[in-house]
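For reference, the chains in residue letters:
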Amino acid sequence: MLPVIQAKNLSIEYRIGKRWLNVIQDVSLHIDPVQIHGLVGESGSGKSTLGMGLMRYLANNAWISQGEILFDTYDLVKLSAAEMSKIHGRHIGFVPQNPLDSLNPSLTIGNQMAEMTQLHLGLSHKDALKRACEALETTNIPEPDAVIRRYPHQLSGGMQQRVMIAMALSTRPRLLILDEPTTALDVTTQAVILDLVRELMKEEQAAALYVSHDLGTIAQLCDVVTVLYSGEVMESAPVKTLFKKPLHPYTIGLLASLPSAAAGQNQSRLSTIAGVAPSLSERPSGCAFAPRCPVAIAKCHTDKPPLEKTTDNHFLRCWRWQDIASGDLIPKNPPIGKREETSPQPGYVLTAQHIHKTFSENSLLDRLMGKTARPVQALADVSIKINQRSTLGLVGESGSGKTTLARAIVGLDTADSGDLELLDMPVNLDLDKRGKEILRNLRLIFQNPNDALNPYRTVRETIGRTITLLAQETLSPINIENRIIALLESVGLTAAYADRYPQQLSGGEKQRVAIARAFSAKPALIIADEPTSSLDVSVQAVILNLLKDLRAENGASYLFISHDLEVIRYLADWIVVMYLGEIVEQGTNEQVSQAPMHPYTEALLSAVPMPDPTIKPGTIRLTGDIPGPRNKPTGCPFHTRCPRYLGDICRDERPPLREDEHGHVIRCHIPLEDLKQLQS
Amino acid sequence: MIRYLVRRVLLLLITLLVTSMIVFALTQFLPGDIARLILGRDASPEAIETFRQEFGLNESLPMQYVNWLGGFLTGNWGKSFAEGNPSVRPLVLDRLGNSLILAGFTLLISVPIAILLGVMAALRENTWLDSLISLLSLSVVGLPEFVTGIVLINIFALGLGWFEATSLIQDDYNIGDWLRILTLPAITASFVLIGYITRLTRAGMIDELKKPYVQTAILKGLPFCQVIFKHVLRNALLPTITVIAISIGWLMGGIVVIENVFNFPGMGSLLVKAVEQKNLPILQAVVVLIVFIFAAANLIADLIYAALNPRIRLN
Ligand code: SF4
Ligand code: SF4
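Since this is a predicted model, take the numbers as computed values, not measurements. Residue numbering note: each chain is counted from 1, following its sequence as written. Chains carry letters and ligands carry numbers; both start at the beginning, A for chains and 1 for ligands, and go up in the order they are written. Owing to the predicted nature of the model, reporting of local features is limited to residues with pLDDT of at least 70; listing and counting of side-chain atom pairs is limited to 80 or more, with chain, interface and lining totals taken over all residues. Side-chain metrics rest on all non-hydrogen atoms present in the structure, leaving aside hydrogens and water.

Caption draft 1: Spatial organisation of the overall build of chain A. Across its full length, chain A carries 27 helices and 24 strands. Its C-alpha atoms give chain A a radius of gyration of 26 Å, near enough to 26 Å, the size a compact globule of 680 residues would have. In terms of overall dimensions, chain A has C-alpha extents of about 75 × 65 × 55 Å along its principal axes. The buried label goes to any residue with under 20% of its type's maximum accessible area, the exposed label to any with over 50%, and the partly exposed label to all in between, with areas taken from a 1.4 Å probe on protein chains only. Counting every position in chain A, which comprises 680 residues, the buried fraction comes to 55%. Any two residues whose heavy atoms approach within 4.5 Å are treated as being in contact. Considering only residue pairs separated by 6 or more positions, chain A has 67% of its internal contacts joining residues 24 or more positions apart. Within chain A, one finds 69 positive and 75 negative side-chain charges whose respective centroids are separated by 3 Å. Every helix listed is a DSSP run of H or I at least four residues long, and every strand listed is a run of E at least two residues long, numbered separately from the N terminus. The globule rule used here is 2.2 Å times the number of residues to the 0.38 power, and the radius of gyration it is set against is calculated over C-alpha atoms. Charge assignment: positive for Lys and Arg, negative for Asp and Glu; neither His nor the chain ends contribute. Throughout, a charge is located at the NZ atom of Lys, the CZ atom of Arg, the CG atom of Asp or the CD atom of Glu.

In structure tokens:
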């Protein structure tokens, strides 16, 4: 069977300054018909460049320096731009990462979809619109004939991505290239989109290249997976082989650093990959992975291993794969660092009672026209308690109010009403009225370390400032310097980092500095809003371990917000699930992960793609999108999407809080016993 | 939509009313007695009294304003203070017509050229073509209008004789005659506008070209022209639309220098003359009309903006 597309010894170079740097080195891969081929790698691995490069779509400063791309009877490398545009859209479809920005904001959906089939299939505008409707119908978009008249910003993220997929498939291309198509979406929407891609690819008998950093979605969607590191193929194999019997030390390390891997082995720490990926300009001359490889030998540092075919479609670039395959060699990355464990202590660091927050979002236009918008309820009567030395994990889709709650507690947004207590001290809702003692004990770690660190300050200045500002006593310069060094060491950085500026640090290092700064005041509670979501999995593992260690050492507690349920389940003692500004369930980690659970929690868990192709994906799917806070549903706020909807009672009556004897709380009309039965 | 339109038109009317009041109030603070200023030092008291009677200057200030407003709305714009006291309305409307024609012609020349240059510069960002266009548009903006005007007159009117050096407009002029008169002043004004609009279009295009939807359009296989003109340009031009509206205001009242160089009978020179001569009835009418055109152009620009940009909804 002839492959749909085949890259042979492909190299892509970028010009940076006066030098040409290899981004993609000697990559060969092929995609067979009706196959979904996963391309996985961390940031900087070149996976997007390769994905786009296969379509001959490259940045202005990049070019294909070597190799061929065989597609149909052509070598795409040799085609002119005009010839390529006859293949783009017609034979190779593309689904991008960010659907909103990838649609033209000022043209209707119908118009944008129709121009594809008008151009490639020669349909009239009217027929093309009809075709667009039909294509949308296959993606289960409600009311396609209304959707084609809308503009992109009037659709939700999930709908926009369905439009992109429908559009790409409307010309029945033979190959679809998807570049991180679900990264911008909530896990619930992601599950729906993945189902859809799976189904449509089968229906259309098309092949696909699925580019992603997310091992979970790769495992659930793809037939064959290629692992890219530093612009080279490290391993390529059918999905089950790759996840169950990986042979390359990098693949093995990557899979082991996933939080779910730790959960599976009841491990309390994540295994990590030492060091960071090399930058483009300092690629090692031997094996690209050698500086970080736990089983590297002398030869690895000098000679580049070839890409070898082992058995049944399994390709490897490693000198020692035979030893690994035979079981003589086990490349294990021991979890480095301390191994202290803590369990929650009685007594509360923080209690938040009946927190309410409304926003009145007036647009500029509204104000000009003298309209006052209805206030939007962001938090409705939210109460949480955080034990000493514990981690509270907060989950929910975007729009669930989890970030608002964190901001209200830190004081970045002032809550309308409610009581806050930190270490039995009352906390004013207004940040300006909080004393130094409160500020010192309540610190925040942001999602994006780039925004959190002042680019014009060295690490020393950044941390030193916080120490001086919040110190209880006046410190001598030597004391401060010692604190800074101690803090840097506690987050695994050497003293040499003190003189660096943020732009000289990698993403993981920046986040470590941000963590060091948060701990500089010896706080009682640290609020971390998605602190690892902008990081690669191998870096995430390091940060999660670090957070655990620091908690043990300093006796601090965390309020940890994440959209990633696996991370929450790895780290949290207590889990709170929020939906539309309300808490729908809370309990210990075990309680929340097992039946009985709130139907919303059940749906969230079912949507998580497990990085294990043998685990069947969950089947519970939420229809529709999370309602905007302006149209919060009556009764149970979840009733518009609930798979276990009971009837009028859910629509009309606010469900009661049901609590079992262990403090596990669920807000639902279905009694706990019945829920348990339904779910087991 | 309708409600928005009604609101905007009402706003426009209020603006006009307020402007007319301000102009009216300001003219009252001119030093000295208007009648004496107009008639001269040697005028007899009787002549002055007659003048005051004739133009209603003896009435109270609010009354004068109400009278003026009533007259203006019913088409009686009063009489000029100048020799022979000609009626204001035909005089001003005549000038308004001339100015509108010149403005329209200027935009017709400058906007397409500027947009084309801007698009070309953006598509060839950081190449010699881009630098050349930037250099030209910058230097052209910097050139004083009278210099451009005089150079153009010397070459094309006095030298080659293709166009008229001065603008004597007669009733029986046909299109050819109009072109001979309009071309040089319009080109002079265009120089300034092309400079601005080119740079704005270039910046807008460069911004838009970086956006992911352009990548989508290319990967849909659309021909290059369609990508640029259907997808990118309409978004890139949004800021330009507002600037074009503002430049209409400038063309109506702000090109006095050009009007003087070419002796063009437009609103700008009329305005200046009215101020010099303390010719209040003319001044009032001219200012109100300029403000009206300016505000109307802005309203139309906003409507076009909203039509091109569905993210802004009017209701
Ligand atoms: S070739 Fe050597 S360094 Fe590279 S992955 Fe294999 S064992 Fe490790
Ligand atoms: S109350 Fe009804 S709608 Fe709400 S979660 Fe329970 S079953 Fe679903």
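Caption draft 2: Structural view of the nonpolar core. Definition of nonpolar core: a set of buried residues of the types Ala, Val, Leu, Ile, Met, Phe, Trp, Tyr and Cys, connected through side-chain atoms within 4.5 Å. In terms of nonpolar packing, the biggest core is built from 76 residues, with Val92(B), Met205(B) and Met267(B) touching the most fellow members. Domain start and stop positions are those given by an automatic or database domain assignment. Mapped onto the domain boundaries, this core takes at least three residues apiece from domain 1 (2–73) and domain 2 (89–314) of chain B. Beyond its immediate chain neighbours, meaning those up to four positions away, Met267(B) contacts Val92(B), Arg95(B), Leu96(B), Ser99(B), Met252(B), Glu259(B), Val286(B), Leu289(B) and Ile290(B). Core analysis: the next-biggest nonpolar cluster, separate from the first, contains 68 residues, Met116(A), Ala132(A), Leu136(A) and Leu329(A) among them.

Caption draft 3: Region of the structure containing the domain arrangement of chain B. All names here are of chain B. Its domain assignment divides chain B into domain 1 (2–73) and domain 2 (89–314). Domain 1 and domain 2 are separated by 33 Å when their C-alpha centres are compared. Across the boundary between the two partners, domain 1 contributes 17 residues, which contact 17 residues of domain 2. Defined here as a combined quantity, buried area equals the accessible surface (1.4 Å probe) lost by two parts on assembly, summed across both. Between domain 1 and domain 2 lies a buried interface of about 1,700 Å² when both sides are counted; carbon and sulfur atoms form 83% of it. In protein, a polar contact requires one atom able to donate a hydrogen and another able to accept it; more generally it is a pair of N or O atoms within 3.5 Å, and residues adjacent in sequence count only if both atoms are side-chain atoms. The interface formed by domain 1 and domain 2 holds one residue pair in polar contact (both at pLDDT 80 or more) in total. Contributions of two or more residues to the side of domain 1 that touches domain 2 are made by helix H1 (2–28), helix H2 (34–39) and helix H4 (61–73). When residues of the side of domain 1 that touches domain 2 are assigned to their parent elements, the largest contribution, 11 residues, is made by H1. Gly is put with the polar residues, along with every residue not named as nonpolar or charged; the nonpolar set is Ala, Val, Leu, Ile, Met, Phe, Trp, Tyr, Cys and Pro, and the charged set is Asp, Glu, Lys and Arg. Partitioned by chemical class, the residues of the side of domain 1 that touches domain 2 number 13 nonpolar, three polar and one charged.

Caption draft 4: Highlighting the interface of chain A and chain B. Contacts between the two partners involve 27 residues from chain A, matched on the other side by 22 residues from chain B. Summed over both sides, the interface of chain A with chain B buries roughly 2,300 Å², with 62% coming from carbon and sulfur. What makes a salt bridge here is a side-chain nitrogen of Lys or Arg within 4 Å of a carboxyl oxygen of Asp or Glu, nothing more. Scanning the region where chain A abuts chain B turns up two salt bridges. Run the count over chain A and chain B and you get 14 residue pairs in polar contact (both at pLDDT 80 or more).

Caption draft 5: Main features of the sheet that holds strand S7 (residues 175–179) of chain A. Residues and elements named next belong to chain A. Strand pairing follows a simple DSSP-based rule, namely that at least 2 bridges must link the two strands. Read from one edge to the other, the open sheet built from eight strands follows the order S6-S7-S8-S3-S9-S10-S12-S11, with strand pairing classed as mixed. Two strands in the sheet have a free side with no partner beyond their single neighbour: strand S6 (92–95) and strand S11 (308–309). Where S6 meets S7, four bridges bridge the pair, whose relative direction is parallel. Looking at S7, one finds that Val 95 is bridged to Leu 178. Across the sheet, helix H7 (residues 157–169) is in contact with S6 and S7; its angle to S6 comes to roughly 175°. To get an axis, a line is fitted to the C-alpha atoms, and for a helix only the part in contact is used. The angle between two axes follows their N-to-C directions and goes from 0 to 180 degrees.

Caption draft 6: Local environment of the site of ligand 2. Taken together, the residues surrounding ligand 2 are His598(A), Pro599(A), Cys636(A), Phe638(A), His639(A), Cys642(A), Arg644(A), Cys650(A), Pro655(A), Cys668(A), His669(A) and Ile670(A). Per-class residue counts for the shell around ligand 2 are eight nonpolar, three polar and one charged. By convention in this text, a residue qualifies as near a molecule or strand provided that one of its non-hydrogen atoms is within 4 Å of it.

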